[in-house]
Amino acid sequence: MAYPMYEVDWSVLPPEQNRRFNPAFNIATIKQVVNEAIERVRMQTPTRLRDLIRQIRAARTAAEERSVVNKECAYIRSTFREEDSVWRCRNIAKLLYIHMLGYPAHFGQLECLKLIASSRFTDKRVGYLGAMLLLDERQDVHLLITNSLKNDLNSNTQFVVGLALCTLGAIASPEMARDLASEVERLIKSPNAYIKKKAALCAFRIIRRVPDLMEMFLPATRSLLTEKNHGVLITGVTLITEMCENSPDTLNHFKKESGQREIVPNLVRILKNLILAGYSPEHDVSGVSDPFLQVKILRLLRILGKNDAESSEAMNDILAQVATNTETSKNVGNTILYETVLSIMDIRSESSLRVLAVNILGRFLLNNDKNIRYVALNTLLRTVHVDTSAVQRHRTTILECLKDPDVSIRRRAMELSFALINGQNIRSMMKELLAFLERSDAEFKAHCSSAMVLAAERYAPSSKWHLDTLFQVLLKAGNYLRDDTVSCTLQIVSAAPGERQAYAAMRLWTALHRSAVAADATERQPLIQVAAWTIGEYGDMLVSEASNAISMVDDDGVDDFTRPTEEYVIDIYQKLLWSTQLSITTKEYLLLSLAKLSTRFTTKQSQDKIRVIIDTFGSHIHIELQQRGVELSQLYKQYAHLRPALLERMPPMEAAAPRDSPDDDEPPAPAPPQHQDQDALLDLIIGSEPLANGDAHTPATDNAPQTNTTNDILDLLSGLDLGGPPSIPANPVSVANNNVPAATPNLLLDGLFAPQTPVAQAPETTVVALEKADLRVEFRARRGADGTATLTMHAASAASSPLTDFLFQAAVPRTFRLDMMSPSGTVLTPQGEITQILKITNPTKTPLRLRIRVSYTIDGNPVLEQAEVNNFPPDLFN
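Described below are features of the structure shown in this document. (Residues numbered from 1 in each chain as written. Predicted model: local features only at pLDDT ≥ 70, side-chain atom pairs only at ≥ 80, totals over all residues. Heavy atoms only, no water.)

1. Re the packing of aromatic side chains
Two numbers describe a pair of aromatic rings. These are the distance of the centres and the angle of the planes. Using the following cut-off: Ring pairs shown here join Phe, Tyr and Trp side chains whose ring centres sit within 6.5 Å, with only the six-membered ring taken for Trp; geometry is labelled stacked below 30 degrees between planes, edge-to-face above 60, and tilted in between. Working definition: helices are DSSP H or I runs of at least four residues, strands are E runs of at least two. Numbering for both runs from the N terminus. A 1.4 Å probe rolled over the protein chains alone gives each residue an accessible area, and that area as a share of the maximum for its type sets the label: buried under 20%, exposed over 50%, partly exposed in between. Any Lys NZ or Arg CZ found within 6 Å of a ring centre and within 35 degrees of that ring's normal is scored as a charge over the ring.
With the rule as written, the count across this model stands at 11 aromatic pairs. A ring pair is formed by W509 and Y568, whose centres lie 6.0 Å apart and whose planes are at 80 degrees; its orientation type is edge-to-face. Taken together, the positions of W509 in helix α27 (residues 498-518) and Y568 in helix α29 (residues 566-577) put the pair 59 residues apart, joining distant regions of the chain. In this structure Y568 comes out as partly exposed when scored by relative accessible area, which is 34%. Among the aromatic residues, ring-to-ring pairing joins F121, F159 and Y194 into one connected group. In this structure, R77 is placed above the aromatic ring of F107, and the distance from its NZ or CZ to the ring centre is 4.1 Å. Above the face of the Y636 ring, R643 is positioned so that its terminal group lies 4.3 Å from the ring centre.

2. Considering helix α19 (residues 370-383)
Our working rule: To estimate the expected span of a helix, subtract one from its residue number and multiply by 1.5 Å. Contacts between residues were defined by any pair of non-hydrogen atoms, one from each residue, lying within 4.5 Å. Polar contact criterion, stated in full: a pair of N or O atoms within 3.5 Å, where within protein one must be able to donate a hydrogen and the other to accept it, and residues adjacent in sequence count only if both atoms are side-chain atoms.
Look at α19: 20 Å from first C-alpha to last across 14 residues, which is about the 20 Å you get at 1.5 Å a residue. Where the residues of α19 are buried, they touch α17 (331-346), α18 (351-365), α20 (388-392), α21 (395-400) and α22 (407-420). The distance from a side-chain oxygen at the start of α19 to the backbone nitrogen of N371 is 2.9 Å, and the residue carrying that oxygen is D369.

3. Re the sheet that holds strand β9 (residues 850-858)
Defined as follows: Whether two strands pair depends on DSSP finding at least two bridges between them. For helices, the fitted axis covers only the stretch in contact; all axes are lines through C-alpha atoms, and the angles between them, taken along N-to-C directions, range from 0 to 180 degrees.
If you trace the 3 strands from one edge of the open sheet to the other, you get β6-β9-β10, paired in antiparallel fashion. Both edges of this open sheet fall to β6 (804-811) and β10 (861-869), since each of them pairs with a single strand only. If you compare each strand with its neighbour and ignore which way they point, the axes differ by 10 degrees on average. With 6 bridges connecting them, β6 and β9 associate as antiparallel partners. Counterpart to A811 in the pairing with β9 is R851.

4. Quick notes on the sheet that holds strand β4 (residues 775-783)
The strand order β3-β4-β5-β8-β7 describes an open sheet built from 5 strands, whose pairing is antiparallel. If you trace the sheet from one side to the other, it starts and ends with β3 (765-772) and β7 (817-820), each paired once. Across the sheet, the mean angle separating the axes of adjacent strands is 25 degrees when strand polarity is ignored. Relative to strand β5 (residues 788-797), β4 runs antiparallel, the two being bridged by 9 bridges. By the bridge assignment for β5, L775 is matched with S797.

5. Here's the deal with α29
Using the following cut-off: Picture the helix axis, draw a direction to every C-beta atom, and the arc is the one those directions span.
End to end, α29 covers 17 Å across 12 residues, agreeing with the expected 16 Å (1.5 Å per residue, within 8%). Along α29, the residues classified as buried are E566, V569, I570, I572, Y573, L576 and L577. All buried residues of α29 lie within an arc of 160 degrees about the axis, which places them on one face of the element. On its buried face, α29 sits against α27, α28 (525-543), α30 (584-600) and α31 (604-616).

6. Remarks on the packing of helix α26 (residues 483-495) against α28
When two helices pack together, their arrangement is given by the angle between the helix axes and by the axis-to-axis distance. The condition that has to hold: Roughly parallel means an angle under 35 degrees; roughly antiparallel, over 145; roughly perpendicular, 65 to 115; everything else is oblique. Should the near helix be turned counterclockwise from the far one by less than a right angle, the crossing is left-handed, whereas a clockwise turn marks it as right-handed. Polar here means any residue outside two lists: the nonpolar Ala, Val, Leu, Ile, Met, Phe, Trp, Tyr, Cys and Pro, and the charged Asp, Glu, Lys and Arg; Gly therefore counts as polar.
Relative to each other, α26 and α28 sit at 25 degrees, their axes nearing to 10 Å. When the interaxial angle is binned, α26 and α28 end up roughly parallel. Between α26 and α28 lies a crossing of right-handed hand. Of the residues in α28, those touching α26 at V486, T489, L490, V493 and S494 are P526, Q529, V530, W533, T534 and Y538. Looking at the contact of α26 with α28, its residues break down into 7 nonpolar, 4 polar and no charged.

Next up, the structure:
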């Protein structure tokens with residue numbers, strides 16, 4: 001016996017290599033070997049695979065590599081034309097390597113089938129490998145392999161059966177899976193552990209492809225968990241896990257099994273044996289007994305224990321043992337602990353067990369491995385809502401992760417930090433997050449700032465702290481703020497009490513002034529927009545000495561506010577408006593804010609300076625700013641009496657959601673007033689009651705609008721043409737307010753110079769709207785299509801003096817849409833007439849109610865008349 005030490009291994013070799021024990025090794029076999037040797041001598045020996053690899057790697061250019069590959073492919077094609085080529089196996093191996101490089105190799109598919117049909121194990125091995133790489137269900141050739149697979153599944157050699165099972169699992173189509181599923185189910189019950197584990201994995205692939213075949217394999221899975229072979233156990237657990245994840249009925253089936261077939265106690269027993277087992281060189285990995293099987297069992301226990309109190313109770317003890325006995329110095333132990341934590345958090349475990357799981361994740365955060373820290377943060381983020389108090393104990397460690405150099409860890413730490421914020425830790429958490437916002441990369445600033453605004457809105461301990469935090473976010477986030485953050489800040493300021501509005505104006509003035517002086521306003525344009533809007537609304541409080549009683553000390557105990565003069569405020573605005581680097585949107589905020597300051601500041605010098613700046617924008621190169629400049633300039637000329645009402649303070653904006661935790665020592669900001677009249681007729685006209693027909697003339701100066709009607713006036717004037725001076729072009733450009741965000745104040749006189757629409761002649765119904773002394777206003781109504789109507793307003797005067805600055809205004813309920821065309825003039829001469837077209841859309845086709853207002857000047861005295869018209873024909877929109 002020449003080689004006794006290999007004696008025991010010869011029995012597992014393929015038959016053609018096991019010459020000593022092969023019964024087929026007879027005269028016929030010797031003759032075949034001799035013939036093959038003669039054939040090899042006669043034919044040219046092809047290039048070996050290793051030589052081809054060397055040639056391809058030695059190629060210096062892609063063209064040289066293609067030349068080598070094409071030459072070899074041509075040779076392989078020529079050998080495929082021969083019926084019995086002794087080099088087919090070698091050629092297919094080379095072709096598979098060429099396929100792995102990305103070159104086409106489909107012409108070798110049929111040759112793979114020939115190798116599979118061969119009786120030699122080496123040929124079958126390469127043939128099945130080629131089939132797995134070159135064939136798939138999209139090609140009809142793969143159907144030809146079904147019969148070969150069935151034959152090999154019944155082979156007496158376990159390695160041939162294993163090859164067939166691997167190939168079936170890799171390329172099985174639904175039809176092939178249905179044809180061969182019964183063979184796989186039979187092999188799962190085989191006493192051979194090698195075949196059994198291969199069959200279990202093949203069944204796993206078949207179930208994933210054809211879930212309907214799951215019931216066929218269900219009885220065979222029971223025996224897999226009773227095996228002692230770890231390979232069979234791990235494949236059996238994998239198969240059962242796939243069944244439970246994809247079928248609730250199968251999950252319930254395993255849960256309801258009782259006695260010796262009950263699955264949870266069996267899994268607990270296997271896991272306990274793995275933990276308590278001594279050293280086993282066959283399964284030991286870094287001092288842990290078969291960690292792969294432990295992970296698979298823990299994952300299956302998590303699925304079985306979810307929403308099941310009885311199963312969860314049965315696995316609580318073993319999970320605690322795994323969590324306390326697993327070695328954490330190696331990555332293998334950390335993997336098992338991670339799966340244990342996931343299982344504890346998903347099942348109905350005890351509270352002490354959850355605390356233990358969170359503490360394990362806390363230890364992971366202190367690990368030097370970045371992957372382990374990331375996994376810990378990711379898991380804590382998923383479980384923070386399950387046991388928030390346990391996660392809060394690790395808040396300091398989580399905040400330290402905000403300084404980690406790895407961007408993924410910083411992102412997860414930021415998201416987890418926001419999930420930990422509550423009413424008790426809002427101050428300390430927000431301080432850390434503000435520091436993070438200041439030093440963070442640009443990709444974090446938008447999300448971080450928005451989340452900070454929401455957290456401050458929900459948990460703010462006081463309105464003053466809330467405003468200070470918002471302003472710090474605006475300052476540190478720069479231009480990376482989202483538009484919704486600006487809108488949210490404006491809403492909070494508008495809904496705050498008067499004292500807090502003054503505080504906001506002063507605090508924002510300090511930030512605006514510093515940005516203008518330091519010339520970094522272009523980097524903080526959202527801050528400039530919020531500051532401009534706030535100062536424009538509450539600028540009178542900014543410069544008033546009456547605001548000295550307001551404390552300007554922030555949370556850090558610093559008071560850096562210096563009260564400016566009116567002229568200095570205007571100088572800062574002028575410097576910002578003259579800047580060439582500010583966006584058009586920011587300048588729109590500033591320009592409208594400056595116009596509002598003209599009604600807040602009292603000195604004539606300030607008024608004149610503001611007017612000069614606004615007039616300058618009447619010839620601005622940008623059409624948006626030019627339109628605003630022209631419109632606002634008109635408010636200093638013939639419509640000066642409307643300027644105080646148009647530019648008055650806006651009412652509080654409606655909040656998107658109420659704050660959950662109001663201040664304990666400070667009352668929350670009052671909610672915006674709700675309209676009592678839901679038909680909204682009074683929402684659009686200035687808030688006085690309508691005058692009945694026949695009331696006396698009322699001077700405009702005696703009917704000053706209330707301070708909470710700015711939005712109503714803006715709605716009222718939408719689309720109204722006030723008849724500009726003759727120098728305005730006949731066909732001006734109509735500019736849409738596209739660049740202004742949601743919280744931007746509306747264009748005051750949008751559509752001021754809209755072109756006049758000619759009136760179509762049609763049958764009309766006359767309705768008298770107003771008849772006072774020498775003035776008569778009537779509507780001529782004409783029905784349109786699809787709920788529309790056209791009203792033509794005719795105003796006639798019987799007075800002996802002309803009516804100048806004639807202005808007609810109208811408003812409808814919010815369910816209607818009103819479009820007003822340009823009037824025919826602004827001077828109503830004696831016996832003369834002014835006309836104006838109104839287009840009304842009524843989707844609900846309800847009766848029309850219209851509120852009108854007419855203002856004019858006669859003999860130097862301003863007059864204001866208003867009335868309600870509700871006697872339109874009921875079928876006007878039918």
